[in-house]
Amino acid sequence: MEAIAKLKNVPSSPRKMRLVANLIRGQKVSKALGILRYQPQAGAALLEKLLLSAVANWQQKNEDGRIEDADLYVKTIFVDGGRMLKRLRPAPQGRGHRIRKRSNHVTIVIDSAAAPLTLAPEVTTENAEN
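All of these numbers come straight from a predicted model, not from anything done at the bench.

Draft legend 1. View of the overall build of the chain. In terms of helices and strands, the chain carries 5 helices and 5 strands. For the chain, the succession of helices and strands along the chain, N to C, is β-α-α-α-α-β-β-β-β-α. With 130 residues in all, the chain has 29% of them scored as buried. In the chain, the proportion of contacts linking residues at least 24 apart, taken out of those at least 6 apart, comes to 72%.

Draft legend 2. Fine view of the side chain of Asp111. Inspection of the secondary structure assignment puts Asp111 in strand β5 (residues 104–112). Side-chain polar atoms of Asp111 contact the backbone nitrogen of Met1, separated by 3.5 Å. Beyond its immediate sequence surroundings of up to four residues, Asp111 is in contact with Met1, Glu2, Asp71, Leu72, Tyr73 and Lys75.

Draft legend 3. Region of interest: the sheet that holds strand β1 (residues 3–10). One open sheet holds the 3 strands; their spatial order is β1-β5-β2, and the pairing between them is antiparallel. The strands lining the two open edges of the sheet, one partner per strand, are β1 and β2 (72–81). Recorded for the sheet is a direction-independent mean angle of 15° between the axes of neighbouring strands. As defined by bridge partners, β1 adjoins β5 across 6 bridges and the pair is classed as antiparallel. Paired with Ile4 across the two strands is Val109, which belongs to β5. The sheet contacts of helix α1 (residues 14–24) involve β1, β2 and β5, and relative to β2 the element is tilted by about 170°.

Draft legend 4. Examining the environment of Ala3 more closely. Turning to its location among the elements, Ala3 is positioned in strand β1. Taking relative accessible area as the criterion, Ala3 reaches 1% and is therefore assigned buried. A sequence separation of 58 residues divides Ala3 from Lys61, and the C-alpha atoms of the two residues are 7.8 Å apart. Residues in contact with Ala3, not counting those within four places in the same chain, are Ala54, Asn57, Trp58, Lys61, Ile108, Val109 and Ile110.

Draft legend 5. Representation of the pairing of β5 in the model. Extensive coverage of β5 is indicated by the burial of 8 of its 9 residues. Bridge count for β2 against β5 is 9 bridges, and the pairing is antiparallel. When the bridges of β5 are listed, Phe78 appears paired with Thr107.

Draft legend 6. Layout of the packing of α1 against helix α3 (residues 42–61). At a closest axis distance of 9 Å, the pairing of α1 and α3 adopts a crossing angle of 55°. The orientation of α1 relative to α3 falls into the category oblique. In the packing of α1 onto α3, the handedness of the crossing is right-handed. Where α1 approaches α3, its residues Met17, Val20 and Ala21 are matched on the opposing element by Gly43, Ala44, Leu46 and Leu47. Looking at the contact of α1 with α3 residue by residue, the classes come out as 6 nonpolar, 1 polar and no charged.

Conventions used here
- Residues numbered from 1 in each chain as written.
- Predicted model: local features only at pLDDT ≥ 70, side-chain atom pairs only at ≥ 80, totals over all residues.
- Heavy atoms only, no water.
- Helix = DSSP H or I, 4+ residues; strand = E, 2+ residues; numbered from the N terminus.
- Buried < 20%, exposed > 50% of the residue type's maximum accessible area, 1.4 Å probe, protein only.
- Contact = heavy atoms within 4.5 Å.
- Polar contact = N/O pair within 3.5 Å; in protein donor to acceptor, adjacent residues only side chain to side chain.
- Pairing = 2+ DSSP bridges.
- Axes fitted to C-alpha atoms, helices over the stretch in contact; angles between N-to-C directions.
- Parallel < 35°, antiparallel > 145°, perpendicular 65-115°, else oblique.
- Left-handed = near helix turned anticlockwise from the far one by under 90°.
- Nonpolar A, V, L, I, M, F, W, Y, C, P; charged D, E, K, R; others polar.

If you want it as structure tokens, here you go:
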């Protein structure tokens, strides 16, 4: 069972956020939280909070399941570009240079490594011949 959390309009460039997101892609949730806690980048604190939100969403979906038994990991994390604020900065000889203040959207999906037991359909000789 997977859970999703999204963070929109973060006022930092997508490139800076992707550098932090790449550190936790595919990691166990407990290890990812430890990595994010001690990273100096500003985006690490935001991703830590987002990861905790995804864990809370997973817990909301699976009220009878325990987090310790689920063995959660970061299945996917991606950073998309958000809206861009365009400003003008004064430049020499009366000109103006355009400044683009970027933002981003982050989506994180966590999943349980301990897969639930599913029943496979029975294969009979009648089904195999057709």
